[in-house]
Amino acid sequence: MNICCIGAGYVGGPTMAMIALKCPDITVTVVDMNAARIAAWNTGNLPIFEPGLDEVVKQARGRNLFFSTDVAGHIKQADIIFVAVNTPTKTYGVGAGRAADLRYIESVARTIAEHAESNKIIVEKSTIPVKTADAIQTIVASNSKGLKFQGLSNPEFLAEGTAVKDLSNPDRVLIGGERTPDGDKAVAALAGVYAHWVPRDRIITTNLWSSELSKLVANAFLAQRISSINSISALCEATGADVDEVANAIGKDSRIGPKFLKASVGFGGSCFQKDILNLTYLCESFGLPEVAAYWNSVVGINDWQKRRFAGRIVKELFNTVADKKIAVLGFAFKKDTNDTRESAAIAVCRDLIAEQAQVVVYDPKVPAHEIIHDVVGNAHEEPRLTVATSAYEATKGAHAIAIVTEWDEFKTLDYAKILAGMQQPAFLFDGRNILDLPRLRALGFRTSGIGK
Ligand code: UDX
Ligand code: UDX
């Protein structure tokens, strides 16, 4: 069997590497129109940082895992084609700011139809609006040269930073297909790939629309938990309760459970906000404005939480940060990834710069040019924003430290040494509640956490 995956990003790369590792009998080729990205996948310096991924790629690459820019050639050879291109939020026209931009999906569908010379199973890995499979099917069918294309939905549930673990031991694999004999056959073929390592009872099969919708709903529910606890974090700050204590107490209720209750400076990542906006757009299109408003508030609280954090920094620094140096530690949207999409750090840096602070960012994995591009775009230089190569360099002479990403290395810094190099009084804002604040207060910091 031959598998081709179009899109060598955070989803396509790790997912295909795992399939290749677990299925030595299947040839897996990942193609991408970005030649630099493909070249990087073929070196020892992979384009994405993900714990454990180097090892997986090293074992399978050259054996049955390949990375190539020959999109047309590998479409021809493939039995199963995964589509894992990005589906950003539309920035123009109808649905701007909310609907998914499906231009890449459509162009991939056309490319497949153009180059295919045999029947194919086409698997949507990208998160897309419900009923997109229909559109893909229509595009490929109308160019089919008599060939049969069977569309499946197989949403990815891996979280960045734990992708290898999530892929090798998934809670479930979801496969949606048309409820027809050909559809059932395609579902069975894909289930057979995952069955190389995933127990059968964790492979769930549904109709196409249930599968597409489940991905959006899973992310909406996860994000909702974070917005719920973050809303309570504000109440904790007002009342003197400690949000970690509240989360622990409610999480012990087995009906609630302990996961995804960590209050934070706000959730980020390529999925949560985009998928909820998608869900609300979908609800509105189907005449359900109340449902849309309900889910929209999850995003609303998140935006507010990000602003609230920057606002608190300004307030505690005597209502002005103008020309004060603020060290922002962490820029990725969570630890153990170099991905910055929708990271809360972007909003925090922008708000502080708007207050005329001098912002110095340090992140262990995100390159400097990426940080600057995310905060100020291509347009101009921003003299108020610089990037340091260590936490010690970033904090030297700073008035305040803001922890924005929960990288482990921030837990073990020599804070006594850092304090000695800072302006006094020195402030520390823990946007991830990872530090022992009483200990830092004893050292001489003025500290605040989220919801405490
Ligand atoms: C994924 C999913 O596909 C997206 O729907 C989900 O919501 C977030 O995660 P991801 O793998 O994280 O996307 O995106 P990215 O890292 O941007 O990778 C997409 C890749 O597809 C890029 O390397 C891009 O060059 C490639 N691409 C895009 C193509 O090869 N052809 C195209 O037409 C468009
Ligand atoms: C998410 C889903 O978890 C995954 O199943 C889906 O396939 C893609 O979207 P990801 O965005 O990679 O994965 O990361 P996730 O671990 O869900 O974290 C998202 C954001 O929420 C991060 O910014 C994280 O820091 C934040 N978060 C998470 C919290 O603020 N508190 C929590 O308790 C958990």
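For the structure given in this document, a descriptive report is provided here. Positions within a chain are numbered from 1, following the residues in the order the chain's sequence is written. A letter from A marks each chain and a number from 1 marks each ligand, given out in the order of writing. Since the coordinates come from a predicted model, pLDDT governs what is reported: local features require at least 70, and pairs of side-chain atoms require 80 or more to be given and counted, while whole-chain, interface and lining totals use all residues. To get the side-chain values, all heavy atoms of the structure are used, and hydrogens and water are removed first.

### Some words on the site of ligand 1
Where we set the bar: Whether a residue is near a molecule or strand is decided by its heavy atoms; if any one of them lies within 4 Å of it, the residue is near. Here a polar contact is taken to be a pair of N or O atoms separated by no more than 3.5 Å, where protein atoms must pair a possible hydrogen donor with a possible acceptor and residues adjacent in sequence count only if both atoms sit in side chains. Note that accessible areas follow from Shrake-Rupley with a 1.4 Å probe, and for residues the cover is restricted to the protein chains shown.
Around ligand 1, 22 residues are found, and the nearest of them are D32, R37, T87, K274 and R341. Between M33 and ligand 1, the recorded distance is 3.1 Å, taken from a backbone N or O atom to an oxygen atom. One of the side-chain nitrogen or oxygen atoms of T87 is found 2.8 Å away from an oxygen atom of ligand 1. Isolated, ligand 1 exposes 690 Å² of accessible area, and the fraction of that covered by the protein chains is 92%.

### A look at the sheet that holds strand β12 (residues 400–403)
What counts, and what does not: At least two DSSP bridges between two strands are required for those strands to pair. Each helix is a run of DSSP H or I of at least 4 residues and each strand a run of E of at least 2, with the numbering of both proceeding from the N terminus. Structural elements are reduced to axes, namely lines fitted to C-alpha atoms, with helices fitted over the stretch in contact, and the angle between N-to-C directions of any two is expressed from 0 to 180 degrees.
Spatially, the six strands line up as an open sheet ordered β11-β10-β9-β12-β13-β14, and their pairing is parallel. Where the open sheet ends on each side, the last strands, each with one partner, are β11 (385–387) and β14 (446–449). Here the strands of the sheet are splayed against their neighbours by 20° on average, with no regard to which way each runs. As paired elements, strand β10 (residues 358–362) and β11 share three bridges and run parallel to each other.

### Some words on the site of ligand 2
Here is the rule: Basically, the charged four are Asp, Glu, Lys and Arg, the nonpolar ten are Ala, Val, Leu, Ile, Met, Phe, Trp, Tyr, Cys and Pro, and anything else, Gly included, counts as polar.
The environment of ligand 2 is formed by 20 residues, the closest being F157, E160, S264, K334 and R432. Between ligand 2 and the protein, one listed contact pairs an oxygen atom with a backbone N or O atom of F157 at 2.7 Å. Protein chains shield 90% of the accessible area of ligand 2, which is 660 Å² for the free molecule. Tallying contributions element by element places helix α9 (residues 208–239) first for the shell around ligand 2, with four residues. Looking at the shell around ligand 2, its residues break down into 11 nonpolar, three polar and six charged.

### Here we look at the pattern of salt bridges
Put simply, the rule is: Salt bridges are defined by distance alone: a side-chain nitrogen of Lys or Arg within 4 Å of a carboxyl oxygen of Asp or Glu. When a residue's accessible area, from a 1.4 Å probe over protein chains only, is under 20% of the maximum for its type it is buried; when over 50% it is exposed; and in between it is partly exposed.
If you walk through the whole model with that rule in mind, you get 21 salt bridges. Two residues, E406 and R432, come together in a salt bridge whose shortest N-O distance is 3.6 Å. Residue E406 is found in the loop between β12 and α16 (415–420), and its partner R432 is found in the loop between β13 (427–430) and α17 (437–443); the two are separated by 26 residues along the sequence. Given a relative accessible area of 18%, E406 falls into the buried group. On the basis of relative accessibility, which here comes to 11%, the residue R432 falls in the buried class. A salt bridge links D408 to K411; its shortest N-O distance comes to 3.4 Å. Connected through salt bridges with shared partners, the residues E237, R308, R312 and E316 form a single ionic network.

### Things to note about the pairing of β10
Taken residue by residue, a regular strand's side chains alternate between the two faces of the sheet. Note the following rule: Looking down the strands as they point away from the viewer, one classifies a crossover as right-handed if the path from the first strand across the helix to the second runs clockwise.
Here β10 lies mainly inside the structure; four of its five residues are buried. With helix α13 (residues 344–354) bridging strand β9 (residues 325–329) and its parallel neighbour β10, the resulting β-α-β unit is right-handed. In terms of handedness, the path from β10 via helix α14 (residues 368–376) over to β11 forms a crossover that is right-handed.

### Considerations on the environment of M16
For M16, the location among the structural elements is in helix α1 (residues 12–22). The class for M16 is buried, based on a relative accessible area of 0%.

### A few points about helix α10 (residues 243–251)
Cut-off, in case you're wondering: By construction, the arc corresponds to the directions joining the helix axis to the C-beta atoms. Only heavy atoms matter for contacts: two residues are in contact if any of them lie within 4.5 Å across the pair.
Within α10, burial applies to V243, A247 and G251. Viewed end-on, α10 has its buried residues packed into an arc of 65°, placing them on one side of the element. Those residues of α10 that are exposed and aimed more than 90 degrees away from the buried face are E245 and A249. Those residues of α10 hidden inside the fold are in contact with α9. Measuring from the backbone nitrogen of D244 back to the side-chain oxygen at the start of α10 gives 2.8 Å, which picks out D242 as the cap.

### Considering the environment of G449
Looking at the secondary structure, you find G449 in strand β14. For G449, a relative accessible area of 2% corresponds to the buried category. C-alpha of G449 to C-alpha of K120: the two residues are 329 residues apart in sequence and 53 Å apart in space. Those residues in contact with G449, other than ones at most four positions away along the chain, are E237, R312, D430, N433 and L437.

### Description of the sheet that holds strand β4 (residues 80–83)
Strand order in this open sheet of eight strands is β3-β2-β1-β4-β5-β6-β7-β8, and the pairing throughout is mixed. If you trace the sheet from one side to the other, it starts and ends with β3 (65–68) and β8 (203–207), each paired once. Averaged over all pairs of adjacent strands, the angle between their axes in this sheet comes to 25°, without regard to strand direction. By the bridge criterion, two bridges tie strand β6 (residues 149–153) to strand β7 (residues 173–177) in an arrangement that is antiparallel. Pairing of S153 across the sheet is with G176, part of β7.

### Points about the nonpolar core
The line we're drawing: Residues enter a nonpolar core if they are buried and are Ala, Val, Leu, Ile, Met, Phe, Trp, Tyr or Cys, with the set joined through side-chain atoms within 4.5 Å.
Core analysis: the biggest nonpolar cluster contains 61 residues, and Y415 and F445 have the highest contact counts within it. With seven residues, the single largest contributor to this core is α13. Counting 45 residues, the second-largest nonpolar core is a separate cluster that includes W41, A186, L190 and V198.

### Regarding α1
Within an α-helix, residues lying three or four positions from one another point in the same direction, as the helix has 3.6 residues per turn. Buried residues dominate α1, accounting for 10 of its 11 residues. Among the residues making up α1, those that are buried are G12, G13, P14, T15, M16, A17, M18, I19, A20 and L21.

### Observations regarding the state of the cysteines
To keep things clear, this is the line we draw: Disulfide: a pair of cysteine sulfur atoms within 2.5 Å of each other.
Considering all chains together, one arrives at zero disulfides under this definition. There is no disulfide at C23, and the cysteine sulfur nearest it, in C5, is 14 Å away.

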